[in-house]
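Here is how the chains run, residue by residue.
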Amino acid sequence: MRITERQKQILQIIIEEYTYTTEPISSKEIIQKYLSDLSSATIRNEMAILEKKGLLEKTHTSSGRIPSINGYKYYESNILKPKLSINLKRRLEKIFSQRDVSIDSVINQSVSIINESLKLPSVITTEQSDELLKRFDLIQIDKSTALILLVTSSGNINKNTIHLNDDRQLDDISICVRIFNDRLVNTLIKDIPKKVEAIKEIIRSAVHEYEFCIRQIIEKIFDFNKMPSETKIHGTKWLTTQPEFQNIQHLNKILTLLEDTNVWQHISYTQQKTGKTLITFGKEFGANELAIASTSISANGGKHQLSVVGPTRMDYSQVKGLLDFIKTEIEKLSSK
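Residues numbered from 1 in each chain as written. Predicted model: local features only at pLDDT ≥ 70, side-chain atom pairs only at ≥ 80, totals over all residues. Heavy atoms only, no water.

For strand S3 (residues 122-127), the buried fraction is high: 5 of the 6 residues fall into the buried class. When S3 meets strand S10 (residues 302-311), the two strands line up antiparallel, connected through 5 bridges. Bridging across to S10, threonine 125 finds its partner in glutamine 305. (Buried < 20%, exposed > 50% of the residue type's maximum accessible area, 1.4 Å probe, protein only. Helix = DSSP H or I, 4+ residues; strand = E, 2+ residues; numbered from the N terminus. Pairing = 2+ DSSP bridges.)

To continue, consider unusual backbone geometry. Phi is positive for lysine 119, which is not a glycine, with a value near 55 degrees. You can see lysine 119 is positioned in the loop between helix H6 (103-118) and S3. Residues other than glycine seldom take positive phi values, yet asparagine 186 does so here, at roughly 70 degrees. What makes asparagine 186 partly exposed here is its relative accessible area of 47%.

Another point: the packing of helix H7 (residues 167-183) against helix H8 (residues 192-206). In contact at an axis separation of 11 Å, H7 and H8 are set at 140 degrees when each is read in the N-to-C sense. In terms of orientation, H7 lies oblique with respect to H8. Note on packing geometry: the crossing formed by H7 with H8 is right-handed. Residue-level contacts link Ile175, Cys176, Ile179, Phe180 and Arg183 of H7 to Lys195, Ile199, Ile202, Ile203 and Ala206 of H8. Partitioned by chemical class, the residues of the contact of H7 with H8 number 8 nonpolar, no polar and 2 charged. (Axes fitted to C-alpha atoms, helices over the stretch in contact; angles between N-to-C directions. Parallel < 35°, antiparallel > 145°, perpendicular 65-115°, else oblique. Left-handed = near helix turned anticlockwise from the far one by under 90°. Contact = heavy atoms within 4.5 Å. Nonpolar A, V, L, I, M, F, W, Y, C, P; charged D, E, K, R; others polar.)

This part is about the environment of glutamate 244. One can find glutamate 244 in the loop between strand S7 (229-234) and helix H10 (248-258). Distance in space between the C-alpha atoms of glutamate 244 and leucine 290 is 8.6 Å, their sequence separation being 46 residues. Those residues within four positions of glutamate 244 in sequence are excluded, and the remaining contacts are His250, Glu289, Pro311 and Arg313.

This part covers the nonpolar core. If you look at the biggest cluster of nonpolar residues, it comprises 53 residues, and the most contacted ones within it are Ile30, Tyr316 and Ile330. Apart from residues lying up to four places away in sequence, isoleucine 330 is in contact with Phe96, Ile103, Val106, Ile107, Ile297 and Ala299. (Core = buried A, V, L, I, M, F, W, Y, C linked by side-chain atoms within 4.5 Å.)

With that settled, the discussion passes to the packing of aromatic side chains. Counted by the stated rule, this structure contains 5 aromatic pairs. Aromatic side chains tyrosine 72 and tyrosine 316 sit 5.7 Å apart centroid to centroid with 65 degrees between the ring planes, which places their arrangement in the edge-to-face category. With tyrosine 72 in helix H4 (residues 69-78) and tyrosine 316 in helix H12 (residues 316-335), this residue pair connects regions lying 244 residues apart in the sequence. Ring geometry for phenylalanine 136 against phenylalanine 180: centres 5.0 Å apart, planes inclined by 40 degrees, an arrangement best described as tilted. (Phe/Tyr/Trp six-rings, centres within 6.5 Å; stacked < 30°, edge-to-face > 60°.)

One pass over the full model with this rule turns up 14 salt bridges. Two residues, glutamate 201 and arginine 204, come together in a salt bridge whose shortest N-O distance is 3.3 Å. Remark: arginine 204 and glutamate 201 occur in helix H8; sequence separation between them is 3 residues, near one turn of the helix. (Salt bridge = Lys/Arg side-chain N within 4 Å of Asp/Glu carboxyl O.)

Our focus in this paragraph is the pairing of strand S9 (residues 290-299). Taken across its 10 residues, S9 has 8 buried, putting it largely inside the fold. Sheet topology places strand S8 (residues 278-281) next to S9; 4 bridges connect them, and they run antiparallel. Bridge pairing in S9 places isoleucine 279 opposite alanine 293. For S9 and S10, the ladder comprises 10 bridges, and the chain directions are antiparallel. In the sheet register, alanine 299 faces S10, and the bridge partner there is glycine 302.

Here you go:
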């Protein structure tokens, strides 16, 4: 989407003003605070163009405009510049300079600063890289359905339903489960993909329908976007300070959403493809006023996903500046 530099400037002003006022922004306010050399008619015309392009929205209660989700997305991709105050940077550097402190402790202390400075909750999702595969079980539900259970050392159970066309496919599943128990038990979860590749030829020579086994069994069971992980939410009290979440029913809906592991798995999967700090808008999960900013931190052989949760009008420049700095410094600390 192409917009002029002036339109970019107006979009940026509206987004950043709305972040702090929570009120629709009028052309009069823009002129008084930022663009006194332009006429009110000119500003209104530019705002109308931005609205037509789907970057702004007009509310029913005011002549002003507010950003749309597409407006925020455009802002993130084309305008936003991460920022970090000197004071916050020094506080974080003091944490990173500690000796004989674990990475987990450093992350937790960093999260406390995030909560306090942004007045927003944060979420840490940690992949349990020392998780072991302990057992496979096969349960036949009926003639056309079987259930395979994958059990890990911490007691996590991954259930997968397999649909069958005939008894021969059930035999193939039984063979695969036996091979998995013989060759994969007590393997680290993170090492399983390599081992699975090594035993594919064993499976090929042992089963009737190799493609069925690959498609319906191996790809389903070893979905490592669902690697066992632990999710901790910090500072949920800060949500109640935001106007968007004052309604108790709406707040409960948001809190339930944050406890849904599928949300964090989806964000983690998307993040792995981009490798960048990611902004995910709650519209994807049915929560229009919500946004989640996340970064992935690799440290000591494990992965931590650090996220900030807030309204769509949160200060993305500051949030992204904090997350980028914490990610860089912790990975630097870990490499030492």
